[in-house]
Amino acid sequence: MSQNHRVFVTGMGIISPLGLDVPSTWAGLLRGESGVDYITAFDAEGFDTRFAAEVKGFDPENYLDRKGARHMDRFAQFAAVATQEACRQAELDPGKMDPGRVAVIIGSGIGGITTLSQQFEVLSTRGPRRITPFLIPMMLADMASAQVSMLTGAMGSNYCVVSSCSSGADALGLGWEMLRGGKADVVLAGGSEAPICPIAVAGFNALRALSRLNEDPKGASRPFDLRRDGFVMGEGAAVLVLESQESAQRRGVLPLAELRGYAATSDAYHLTEPAPTCQSSASAMLLALQSAGVHPSQVDYLNAHGTSTPLNDRQETKAIKLVLGEEAYRVPISSTKSMTGHMLGAGGAVEAAICVLAMRDSIIPPTINLSQPDPECDLDYTPNHASPHRVDVAMSNSFGFGGHNSVLVFTNPNRVQ
């Protein structure tokens, strides 16, 4: 079977701390807005970290059937609504295609942890007979992909990728591989996460992974800054319509970008820390470029994993230099987590969409809160203000707990053949 099918992005949907769709999220990013504030989802008094990047003003009943929405965890609701936006942009109705040729792959690092957290409280205060019968189908990590399948009528492969903070990127990468191999015509791929609940915040605090800058929440996510002290938890989703060139041409839709390359490696080193040699993360970047047929000198923009943790930002900078060499100082880089927070399993998908938007509009979103650069992080991170720049080749890094390294490469289909 041919492995040479080109794969296009024909639609995108985003739910983020900056907005409930692609246009509002993108506008907030270009303005350099922070989506971080004090937690409203629960009373965080007494927690070491009392802030997060929450999705604001989201009412699932504005988008979904009321009964159906009530039987979905928040992360699945996000995925369903992002899918609706992506399909509208792609002018895609799976019911008018062969539904068996439309697949769904939605990644999530934690799945329905909010429902699980709430039901533990019910169990402890009201007893086992008061647990909702929807607990299991709401908490399972595959339920975002399952709900998207039911919502759209897609009847091809349908599953969830769980690879920590690489989940969304890996979902897109596996969709790319499926389309390249001719196993589907369309893949609805992305990531979704809604982890802002007591047990998740307490757990990440116990790891000492979260920033504790409670006096300045909007300034707390500061990738590559000397004062960074941890990441800011975020929530949201992004779904991209990935489509074979043949399918897009049959339907008469114009591509937004080409997903040109993907690679994933493992550090095999530590539960939470990146490997000190950076060889594995650098290999993922180099292999992704090679699979795309792109030379490192052609990269125009890199959306960094950039979590705002001391180790990650330093090690990612080293990896970029290993791959790009002197070109590393030329390529504009940004960590949009400075504005969205770290959306865990959704982050890679949201940041992939951001790469497509940077390519479309020839502008690099900023890394905000970068005022005291770390001397060991000495590249161009587009500090504090968006910067006009033509983008024909964009790369997105996603690195996760457990040593996951996942990299995507997007190109402008009208300029890069």
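Structure: above.
A brief structural summary. (Residues numbered from 1 in each chain as written. Predicted model: local features only at pLDDT ≥ 70, side-chain atom pairs only at ≥ 80, totals over all residues. Heavy atoms only, no water.)

Broken down by element type, the protein carries 13 helices and 14 strands. Taking 2.2 N^0.38 as the reference for a compact globule, 417 residues should give roughly 22 Å; the C-alpha atoms of the protein span a radius of gyration of 20 Å, in line with that estimate. Principal-axis analysis of the C-alpha atoms places the extent of the protein at approximately 60 × 55 × 40 Å. In the protein, which comprises 417 residues, the share counted as buried stands at 61%. Taking the intrachain contacts of the protein between residues at least 6 apart in sequence as the baseline, contacts between residues at least 24 apart amount to 79%. Taken as a whole, the protein presents about 15800 Å² of accessible surface, with 52% of it coming from carbon and sulfur. (Helix = DSSP H or I, 4+ residues; strand = E, 2+ residues; numbered from the N terminus. Rg over C-alpha atoms; globule rule 2.2 N^0.38 Å. Buried < 20%, exposed > 50% of the residue type's maximum accessible area, 1.4 Å probe, protein only. Contact = heavy atoms within 4.5 Å. Areas by Shrake-Rupley, 256 points an atom, 1.4 Å probe, with all protein chains shown as cover.)

Not every positive phi belongs to a glycine, and Ser-164 is a case in point at roughly 55°. Phi is positive for Asn-384, close to 70°, though the residue is something other than glycine. You can see Asn-384 is positioned in the loop between strand S11 (363-364) and strand S12 (387-388).

Our next topic: the pattern of salt bridges. Throughout the structure, instances matching the rule amount to 18 salt bridges. Glu-61 is paired through a salt bridge with Arg-66; the nearest N and O atoms lie 3.7 Å apart. Residue classification places Glu-61 among the partly exposed positions, given a relative accessible area of 39%. On the accessibility criterion, Arg-66 (54% relative accessible area) is exposed. Close ionic contact of Arg-390 with Asp-392 constitutes a salt bridge, the shortest N to O distance being 3.0 Å. Take Arg-390: its relative accessible area is 51%, and that puts it in the exposed class. (Salt bridge = Lys/Arg side-chain N within 4 Å of Asp/Glu carboxyl O.)

Now for the pairing of strand S6 (residues 186-193). Summarising burial for S6: eight of the eight residues are buried, a large majority. Of the two faces of S6, the one holding Val-186, Leu-188, Gly-190 and Ser-192 and the one holding Val-187, Ala-189, Gly-191 and Glu-193 are both buried throughout.

Turning to the sheet that holds strand S10 (residues 333-334), a few remarks are in order. Strand order in the open sheet formed by ten strands is S5-S4-S6-S7-S1-S8-S14-S13-S9-S10, with mixed pairing between adjacent strands. Lying at the two open borders of the sheet, with one neighbouring strand each, are strand S5 (158-159) and S10. Relative to strand S7 (residues 236-244), strand S1 (residues 7-15) runs antiparallel, the two sharing eight bridges. In the sheet register, Val-9 faces S7, and the bridge partner there is Leu-242. (Pairing = 2+ DSSP bridges.)

Linking two cysteines covalently through their sulfur atoms gives a disulfide. All chains considered together, the criterion is met by zero disulfides. Cys-197 carries a free sulfur, and the closest cysteine sulfur to it, the one in Cys-165, is 15 Å from it. No disulfide involves Cys-278; its nearest neighbouring cysteine sulfur is the one of Cys-377, lying 11 Å away. (Disulfide = S-S within 2.5 Å.)

Counting residues in each nonpolar core, the largest one holds 47 residues, and the members touching the most others are Val-187, Leu-242 and Phe-410. For this core, the leading source of residues is helix H13 (residues 347-361), giving ten residues. Residue contacts for Leu-242: discarding those within four places in its chain leaves Val-7, Phe-8, Val-9, Leu-172, Gly-175, Trp-176, Leu-179, Asp-185, Val-186, Val-187, Ala-189 and Leu-259. By size, the runner-up hydrophobic cluster in this structure holds 30 residues, among which are Met-97, Val-104, Leu-188 and Val-241. (Core = buried A, V, L, I, M, F, W, Y, C linked by side-chain atoms within 4.5 Å.)

With that settled, consider the packing of aromatic side chains. What the rule picks out here adds up to six aromatic pairs. The interplanar angle of 15° and the centroid separation of 5.8 Å between the aromatic rings of Phe-58 and Tyr-63 together place this pair among those described as stacked. Looking at Tyr-63, the relative accessible area reads 32%, which means it is partly exposed. Seen from their ring centres, Phe-204 and Phe-401 are 6.3 Å apart, and the 45° between their planes marks the pair as tilted. Residue Phe-204 is found in helix H8 (residues 198-206), and its partner Phe-401 is found in the loop between strand S13 (393-400) and strand S14 (404-411); the two are separated by 197 residues along the sequence. (Phe/Tyr/Trp six-rings, centres within 6.5 Å; stacked < 30°, edge-to-face > 60°.)

For the rest of this paragraph, the subject is the environment of Val-253. Inspection of the secondary structure puts Val-253 in the loop between helix H9 (245-251) and strand S8 (257-266). As for Val-253 and Val-9, which are separated by 244 residues in sequence, their C-alpha atoms are 10 Å apart. Filtering out sequence-adjacent residues up to four positions away, Val-253 remains in contact with Thr-10, Ala-90, Glu-91, Glu-243 and Ala-248.

This part covers the packing of helix H7 (residues 167-180) against H13. Orientation of H7 relative to H13, taken along the N-to-C sense of each, is 65°, at an axis distance of 5 Å. From H7, Gly-168, Ala-169 and Leu-172 reach across to H13, where they touch Gly-348, Ala-349 and Ala-352. (Axes fitted to C-alpha atoms, helices over the stretch in contact; angles between N-to-C directions.)

Here we come to the side chain of Lys-337. Looking at where Lys-337 falls in the secondary structure, it is placed in helix H12 (residues 337-340). Looking at Lys-337, the relative accessible area reads 1%, which means it is buried. At a separation of 2.8 Å, a polar atom in the side chain of Lys-337 contacts the side chain of Glu-351. Discounting chain neighbours no more than four positions away, the residues touching Lys-337 are Ser-221, Ala-304, His-305, Gly-306, Thr-307, His-342 and Glu-351. (Polar contact = N/O pair within 3.5 Å; in protein donor to acceptor, adjacent residues only side chain to side chain.)

Let us now look at the pairing of S14. Counting buried positions over the eight residues of S14 gives seven, a clear majority of the element. In terms of strand pairing, S13 meets S14 through eight bridges, oriented antiparallel. Opposite Asn-397, over in S14, you have Val-407 as the bridge partner. Hairpin remark: S13 followed by S14, antiparallel, with three residues in the connecting loop; positive phi at Gly-402, about 95°.

Axis separation between helix H10 (residues 279-292) and helix H11 (residues 310-324) bottoms out at 8 Å; the angle between their running directions is 45°. In terms of orientation, H10 lies oblique with respect to H11. The chirality of how H10 crosses H11 is right-handed. Each of Gln-279, Ser-281, Ala-282, Met-285, Leu-286 and Leu-289 in H10 lies in contact with H11, whose residues at this interface are Ala-319, Ile-320, Leu-322 and Val-323. When grouped by side-chain class, the residues that make up the contact of H10 with H11 number eight nonpolar, two polar and no charged. (Parallel < 35°, antiparallel > 145°, perpendicular 65-115°, else oblique. Left-handed = near helix turned anticlockwise from the far one by under 90°. Nonpolar A, V, L, I, M, F, W, Y, C, P; charged D, E, K, R; others polar.)

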